[in-house]
Amino acid sequence: MIDFTIIEHSFIDSTNNYAMQLIDANKALHGMTITALSQTAGKGQRGNQWADTPGDSLLMSIIINPIQEIQEQFSFNASVAVAIANVLQNLSTGWNVQIKWPNDIIVNDKKAGGILIENTLRGSKWTHCVIGLGLNVNQEAMPADLPHATSLTMESGKKYQLSQLRDSIHAAVMDAANFPLKPESAMNSYNQLLFKREQLQRFSGPAGYREVRIKGVHSDGQLEIANPDGTTDFYFHGQYEWCW
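In short, a report on the structure. (Residues numbered from 1 in each chain as written. Predicted model: local features only at pLDDT ≥ 70, side-chain atom pairs only at ≥ 80, totals over all residues. Heavy atoms only, no water.)

1. Quick word on empty space enclosed by the protein
For the record, the criterion: Here a cavity means grid points, on a 1 Å grid over the protein atoms only, where a 1.4 Å probe fits yet cannot get out; a pocket means an open set of points with protein on both sides within 12 Å along at least five of seven lines; lining residues are those with an atom within 4 Å of a point. Grid points are joined across faces, edges and corners, and a volume is the space filled by probe spheres set on the points. Put simply, DSSP marks the helices as runs of H or I at least four residues long and the strands as runs of E at least two long, and each gets a number from the N terminus on.
Inspection of the entire model under this criterion finds one cavity of 30 Å³ or more. As a volume, the largest cavity reaches approximately 50 Å³. Taken together, Gln 68, Glu 72, Ser 75, Phe 76, Ser 79, Ala 176, Pro 180, Leu 181 and Ala 186 make up the lining of the largest cavity. With three residues, helix H2 (residues 73-89) is the single largest residue contributor to the lining of the largest cavity.

2. Describing the sheet that holds strand E11 (residues 232-235)
To summarise the sheet geometry, strands pair through backbone hydrogen bonds and adopt either a parallel or an antiparallel arrangement. Applied cut-off: Only strands that DSSP links by at least two bridges are regarded as paired with each other.
Taken together, the five strands give an open sheet; going across it, the order is E11-E10-E9-E8-E12, and neighbouring strands pair in antiparallel fashion. For this open sheet the edge positions go to E11 and strand E12 (241-242), each flanked by a neighbour on one side alone. In terms of strand pairing, strand E10 (residues 223-226) meets E11 through four bridges, oriented antiparallel. If you follow Ile 225 over to E11, its bridge partner there is Asp 233.

3. Here's the deal with the pairing of strand E4 (residues 97-100)
Put simply, the rule is: Burial classification: accessible surface area is computed with a 1.4 Å probe over protein chains only, and a residue below 20% of its type maximum counts as buried, one above 50% as exposed, and the rest as partly exposed.
Residue alternation in E4 divides its side chains into two sets, Val 97 and Ile 99 and Gln 98 and Lys 100, and both sets are buried. Relative to strand E5 (residues 104-107), E4 is paired through four bridges, and the arrangement is antiparallel. If you follow Ile 99 over to E5, its bridge partner there is Ile 105. Between the end of E4 and the start of E5, which pair antiparallel, lie three residues.

4. Examining the nonpolar core
Rules: For this analysis, a nonpolar core means a set of buried residues of the types Ala, Val, Leu, Ile, Met, Phe, Trp, Tyr and Cys, connected via side-chain atoms within 4.5 Å.
With 55 residues, the main nonpolar core has Leu 135 and Tyr 190 as its most contacted residues. If you look at the next biggest cluster of nonpolar residues, it comprises eleven residues, including Ala 19, Met 20, Ala 28 and Ile 63.

5. Quick look at the pairing of strand E1 (residues 6-12)
Operational definition: When the strands point away from the viewer, a crossover counts as right-handed if the path from the first strand over the helix to the second runs clockwise.
Here six bridges tie E1 to strand E2 (residues 33-39), and the two strands are oriented parallel to one another. Note that in E2 the partner of Ile 7 across the bridge is Ile 34. Each parallel crossover has a hand, and the one from E1 via helix H1 (residues 15-24) to E2 is right-handed.

6. Looking at the pattern of salt bridges
Operational definition: Just to be clear on terms, a salt bridge is a Lys or Arg side-chain nitrogen sitting within 4 Å of an Asp or Glu carboxyl oxygen.
Applying the stated criterion across every chain yields a total of seven salt bridges. Here Lys 159 makes a salt bridge to Glu 140, at a shortest N to O gap of 3.3 Å. Taken together, the residues span a long stretch of sequence, with Lys 159 in the loop between helix H3 (152-156) and helix H4 (162-178) and Glu 140 in the loop between strand E7 (125-136) and H3 at a distance of 19 residues. Linking Lys 215 and Glu 198 is a salt bridge whose minimum nitrogen-to-oxygen distance equals 3.0 Å. Within this pair, whereas Lys 215 is found in strand E9 (residues 208-217), its partner Glu 198 is found in the loop between helix H5 (183-192) and strand E8 (200-205), the two being separated by 17 residues in sequence.

7. A closer look at the sheet that holds E4
Where we set the bar: Axis lines are fitted through C-alpha atoms, for helices just across the contact stretch, and the angle between N-to-C directions can take any value from 0 to 180 degrees. Residues count as neighbours in contact if any of their non-hydrogen atoms are within 4.5 Å of one another.
The seven strands lie next to each other as E1-E2-E3-E7-E6-E5-E4, forming an open sheet whose pairing is mixed. In this open sheet, the two edge strands, each paired with only one partner strand, are E1 and E4. Within the sheet, the average angular offset between the axes of one strand and its neighbour, ignoring direction, is 20°. Two strands pair when backbone bridges link them, and E2 and strand E3 (residues 57-64) are joined in this way by four bridges, in the antiparallel orientation. Counted as the bridge partner of Ile 34 is Ser 61 from E3. Contacts between H4 and the sheet are confined to E1, E2, E3 and E7, with E3 contributing the most and set at about 30° to the helix.

8. Digging into the layout of surface pockets
In this model, the second largest pocket occupies a volume close to 200 Å³. Forming the walls of the second largest pocket are twelve residues, and the residues nearest its centre are Phe 74, Asn 77, Pro 102, Gly 221 and His 237. For the lining of the second largest pocket, the secondary-structure elements that each account for two or more residues are H2 and strand E6 (110-122).

9. What about the packing of aromatic side chains?
One pair of aromatic rings is described through two measures. These are the centre distance and the angle between the planes. To keep it simple, the criterion reads: Stacked, tilted and edge-to-face pairs are distinguished by plane angle, under 30 degrees for stacked and over 60 for edge-to-face with tilted covering the rest, among Phe, Tyr and Trp rings (Trp via its six-membered ring) whose centres lie within 6.5 Å. Remark: a charge is flagged as sitting over a ring if the NZ atom of Lys or the CZ atom of Arg is within 6 Å of the ring centre and within 35 degrees of the ring normal.
Per the counting criterion, the structure on display carries nine aromatic pairs. Connected via pairs of aromatic rings, a cluster forms that spans Phe 195, Phe 203, Tyr 235, Tyr 240, Trp 242 and Trp 244. Its guanidinium or amino end placed over the ring of Tyr 209, Arg 202 lies 4.0 Å from that ring's centre, counting from NZ or CZ.

Laid out in C-alpha coordinates, this is it:
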(Lines give C-alpha, C1' and ligand atoms only; values in the text may rest on other atoms or scores of the structure.)
Protein backbone atom coordinates (compact mmCIF):
# COMPACT_ATOMS: atom_id res chain seq x y z
CA MET A 1 0.00 0.00 0.00
CA ILE A 2 1.40 3.39 -0.99
CA ASP A 3 1.73 5.68 2.04
CA PHE A 4 3.16 8.69 0.21
CA THR A 5 1.92 11.19 -2.33
CA ILE A 6 2.79 10.11 -5.86
CA ILE A 7 2.24 12.05 -9.08
CA GLU A 8 2.45 9.84 -12.16
CA HIS A 9 3.03 11.07 -15.71
CA SER A 10 3.23 9.22 -18.99
CA PHE A 11 5.50 11.78 -20.64
CA ILE A 12 7.15 14.80 -19.04
CA ASP A 13 10.14 17.00 -19.71
CA SER A 14 11.85 16.08 -16.43
CA THR A 15 10.59 14.74 -13.12
CA ASN A 16 13.15 16.95 -11.36
CA ASN A 17 11.84 20.02 -13.19
CA TYR A 18 8.29 19.17 -12.12
CA ALA A 19 9.40 18.71 -8.52
CA MET A 20 11.17 22.07 -8.54
CA GLN A 21 8.01 23.72 -9.92
CA LEU A 22 6.03 22.27 -6.99
CA ILE A 23 8.60 23.69 -4.59
CA ASP A 24 8.43 27.11 -6.23
CA ALA A 25 4.63 27.02 -5.96
CA ASN A 26 4.76 26.00 -2.27
CA LYS A 27 2.94 22.75 -3.12
CA ALA A 28 5.74 20.35 -2.27
CA LEU A 29 5.39 17.79 0.51
CA HIS A 30 8.10 15.80 2.25
CA GLY A 31 8.33 12.45 0.48
CA MET A 32 6.23 13.50 -2.51
CA THR A 33 7.31 11.49 -5.55
CA ILE A 34 7.00 12.25 -9.27
CA THR A 35 7.34 9.46 -11.83
CA ALA A 36 7.18 9.23 -15.60
CA LEU A 37 7.24 6.53 -18.26
CA SER A 38 9.49 8.74 -20.36
CA GLN A 39 11.22 12.10 -20.14
CA THR A 40 11.76 14.43 -23.08
CA ALA A 41 14.45 16.44 -21.30
CA GLY A 42 15.71 14.18 -18.57
CA LYS A 43 18.79 15.60 -16.90
CA GLY A 44 22.03 13.94 -15.95
CA GLN A 45 25.12 15.22 -14.23
CA ARG A 46 26.76 18.40 -15.62
CA GLY A 47 23.77 19.20 -17.82
CA ASN A 48 23.94 15.98 -19.81
CA GLN A 49 20.66 14.60 -21.08
CA TRP A 50 19.33 11.35 -19.70
CA ALA A 51 18.05 9.08 -22.48
CA ASP A 52 15.40 6.45 -21.71
CA THR A 53 13.26 3.85 -23.44
CA PRO A 54 9.59 4.58 -22.63
CA GLY A 55 8.28 2.17 -20.02
CA ASP A 56 11.58 0.36 -19.50
CA SER A 57 13.26 2.79 -17.09
CA LEU A 58 12.43 3.83 -13.57
CA LEU A 59 12.26 7.63 -13.70
CA MET A 60 11.42 9.26 -10.40
CA SER A 61 12.09 12.29 -8.23
CA ILE A 62 11.56 12.44 -4.49
CA ILE A 63 11.12 15.74 -2.65
CA ILE A 64 12.82 15.91 0.74
CA ASN A 65 12.69 18.53 3.49
CA PRO A 66 16.20 17.98 4.86
CA ILE A 67 16.85 18.16 8.57
CA GLN A 68 20.64 18.29 8.26
CA GLU A 69 22.83 21.37 8.26
CA ILE A 70 23.63 23.00 4.94
CA GLN A 71 27.25 21.84 5.06
CA GLU A 72 26.06 18.21 5.14
CA GLN A 73 24.65 18.27 1.61
CA PHE A 74 27.17 15.89 0.08
CA SER A 75 27.20 13.45 2.97
CA PHE A 76 23.41 13.25 2.65
CA ASN A 77 23.80 12.73 -1.10
CA ALA A 78 26.19 9.92 -0.28
CA SER A 79 23.72 8.26 2.10
CA VAL A 80 21.01 8.43 -0.57
CA ALA A 81 23.28 6.80 -3.16
CA VAL A 82 24.14 4.05 -0.67
CA ALA A 83 20.46 3.50 0.14
CA ILE A 84 19.59 3.06 -3.54
CA ALA A 85 22.60 0.82 -4.18
CA ASN A 86 21.60 -1.40 -1.26
CA VAL A 87 18.07 -1.83 -2.63
CA LEU A 88 19.51 -3.02 -5.92
CA GLN A 89 22.11 -5.26 -4.28
CA ASN A 90 19.31 -7.03 -2.42
CA LEU A 91 17.71 -7.97 -5.74
CA SER A 92 20.52 -10.37 -6.59
CA THR A 93 23.40 -11.86 -4.64
CA GLY A 94 25.19 -12.35 -7.96
CA TRP A 95 25.47 -8.62 -8.63
CA ASN A 96 28.22 -6.27 -7.59
CA VAL A 97 26.50 -2.92 -7.06
CA GLN A 98 28.78 0.09 -6.61
CA ILE A 99 28.71 3.89 -6.82
CA LYS A 100 30.82 5.76 -9.36
CA TRP A 101 31.75 9.18 -8.03
CA PRO A 102 29.69 11.14 -7.48
CA ASN A 103 26.25 9.60 -8.15
CA ASP A 104 26.24 6.88 -10.82
CA ILE A 105 24.90 3.42 -10.02
CA ILE A 106 27.17 0.65 -11.28
CA VAL A 107 26.06 -2.96 -11.64
CA ASN A 108 28.75 -5.48 -12.53
CA ASP A 109 31.13 -2.74 -13.73
CA LYS A 110 28.59 -1.06 -16.02
CA LYS A 111 26.37 1.98 -15.50
CA ALA A 112 22.78 1.08 -14.73
CA GLY A 113 21.56 4.47 -13.59
CA GLY A 114 22.30 7.91 -12.33
CA ILE A 115 21.18 10.10 -9.45
CA LEU A 116 20.77 13.85 -9.87
CA ILE A 117 20.23 15.77 -6.63
CA GLU A 118 19.17 19.41 -6.76
CA ASN A 119 18.94 21.59 -3.67
CA THR A 120 16.91 24.67 -2.79
CA LEU A 121 18.38 27.22 -0.42
CA ARG A 122 16.58 30.16 1.14
CA GLY A 123 19.13 32.42 2.71
CA SER A 124 21.38 30.18 4.75
CA LYS A 125 18.72 27.49 5.18
CA TRP A 126 18.61 24.27 3.17
CA THR A 127 14.87 23.97 2.57
CA HIS A 128 14.37 21.29 -0.08
CA CYS A 129 16.24 18.51 -1.79
CA VAL A 130 15.04 16.85 -5.00
CA ILE A 131 16.45 13.37 -5.53
CA GLY A 132 16.12 12.38 -9.16
CA LEU A 133 16.81 8.81 -10.27
CA GLY A 134 17.04 7.39 -13.76
CA LEU A 135 17.49 3.62 -13.67
CA ASN A 136 17.70 1.20 -16.60
CA VAL A 137 15.42 -1.63 -15.59
CA ASN A 138 13.76 -3.74 -18.29
CA GLN A 139 15.83 -2.94 -21.37
CA GLU A 140 17.00 -6.12 -23.10
CA ALA A 141 19.83 -4.38 -24.95
CA MET A 142 21.66 -1.06 -25.04
CA PRO A 143 22.58 1.02 -28.08
CA ALA A 144 25.95 0.21 -29.60
CA ASP A 145 27.23 3.68 -28.72
CA LEU A 146 26.69 2.96 -25.00
CA PRO A 147 29.07 0.03 -24.43
CA HIS A 148 29.42 0.75 -20.72
CA ALA A 149 25.67 0.86 -19.98
CA THR A 150 23.50 -1.95 -18.72
CA SER A 151 20.06 -2.65 -17.26
CA LEU A 152 18.78 -4.84 -14.45
CA THR A 153 17.24 -7.19 -17.01
CA MET A 154 20.48 -7.48 -18.94
CA GLU A 155 22.30 -8.45 -15.76
CA SER A 156 19.71 -10.94 -14.53
CA GLY A 157 17.56 -12.10 -17.43
CA LYS A 158 14.52 -11.12 -15.36
CA LYS A 159 11.83 -8.48 -15.74
CA TYR A 160 10.94 -6.17 -12.86
CA GLN A 161 7.82 -4.30 -11.79
CA LEU A 162 8.67 -0.62 -11.81
CA SER A 163 6.13 0.18 -9.10
CA GLN A 164 7.70 -2.32 -6.68
CA LEU A 165 11.17 -0.91 -7.33
CA ARG A 166 9.83 2.61 -6.90
CA ASP A 167 8.30 1.80 -3.52
CA SER A 168 11.42 0.00 -2.27
CA ILE A 169 13.68 2.85 -3.31
CA HIS A 170 11.32 5.44 -1.86
CA ALA A 171 11.29 3.66 1.50
CA ALA A 172 15.09 3.44 1.58
CA VAL A 173 15.54 7.10 0.66
CA MET A 174 13.02 8.22 3.25
CA ASP A 175 14.85 6.23 5.92
CA ALA A 176 18.07 8.01 4.91
CA ALA A 177 16.27 11.37 5.12
CA ASN A 178 14.34 10.84 8.33
CA PHE A 179 17.13 9.09 10.24
CA PRO A 180 20.26 10.72 8.85
CA LEU A 181 23.70 9.31 9.51
CA LYS A 182 26.52 11.42 10.82
CA PRO A 183 28.69 12.65 7.92
CA GLU A 184 31.58 10.35 8.87
CA SER A 185 29.33 7.26 8.90
CA ALA A 186 27.66 8.26 5.63
CA MET A 187 31.02 8.71 3.90
CA ASN A 188 32.38 5.43 5.27
CA SER A 189 29.41 3.56 3.80
CA TYR A 190 29.76 5.44 0.51
CA ASN A 191 33.48 4.73 0.20
CA GLN A 192 32.95 1.04 0.86
CA LEU A 193 30.88 0.98 -2.34
CA LEU A 194 33.10 3.36 -4.33
CA PHE A 195 33.73 2.10 -7.87
CA LYS A 196 37.43 1.62 -8.69
CA ARG A 197 38.57 2.43 -5.16
CA GLU A 198 42.31 1.69 -4.78
CA GLN A 199 42.52 1.10 -8.53
CA LEU A 200 44.08 3.13 -11.32
CA GLN A 201 41.64 5.27 -13.28
CA ARG A 202 42.13 7.60 -16.23
CA PHE A 203 40.73 11.13 -16.23
CA SER A 204 40.83 13.87 -18.83
CA GLY A 205 41.09 17.55 -18.04
CA PRO A 206 42.48 20.89 -19.21
CA ALA A 207 46.05 19.56 -19.07
CA GLY A 208 45.26 16.31 -20.89
CA TYR A 209 44.96 12.78 -19.57
CA ARG A 210 45.96 11.64 -16.11
CA GLU A 211 46.05 8.13 -14.71
CA VAL A 212 45.74 8.17 -10.94
CA ARG A 213 44.76 5.88 -8.09
CA ILE A 214 41.36 6.51 -6.52
CA LYS A 215 41.60 6.75 -2.73
CA GLY A 216 38.17 7.89 -1.56
CA VAL A 217 35.65 10.72 -1.36
CA HIS A 218 35.46 13.33 1.41
CA SER A 219 32.36 14.84 2.99
CA ASP A 220 32.66 17.97 0.83
CA GLY A 221 32.37 15.81 -2.30
CA GLN A 222 36.02 15.97 -3.32
CA LEU A 223 37.62 12.84 -4.75
CA GLU A 224 41.01 12.07 -3.22
CA ILE A 225 43.49 10.61 -5.70
CA ALA A 226 47.11 9.50 -5.51
CA ASN A 227 49.40 10.59 -8.34
CA PRO A 228 52.11 8.31 -9.79
CA ASP A 229 54.78 10.39 -7.99
CA GLY A 230 53.18 9.68 -4.62
CA THR A 231 51.56 13.10 -4.14
CA THR A 232 47.89 13.52 -3.33
CA ASP A 233 45.33 15.68 -5.14
CA PHE A 234 41.64 16.39 -4.69
CA TYR A 235 39.18 16.66 -7.58
CA PHE A 236 35.87 18.45 -7.54
CA HIS A 237 33.19 16.95 -9.76
CA GLY A 238 33.42 18.53 -13.19
CA GLN A 239 37.07 19.41 -12.86
CA TYR A 240 38.14 16.21 -14.65
CA GLU A 241 36.19 13.83 -16.89
CA TRP A 242 36.05 10.12 -16.13
CA CYS A 243 37.42 7.98 -18.99
CA TRP A 244 35.94 4.54 -19.39
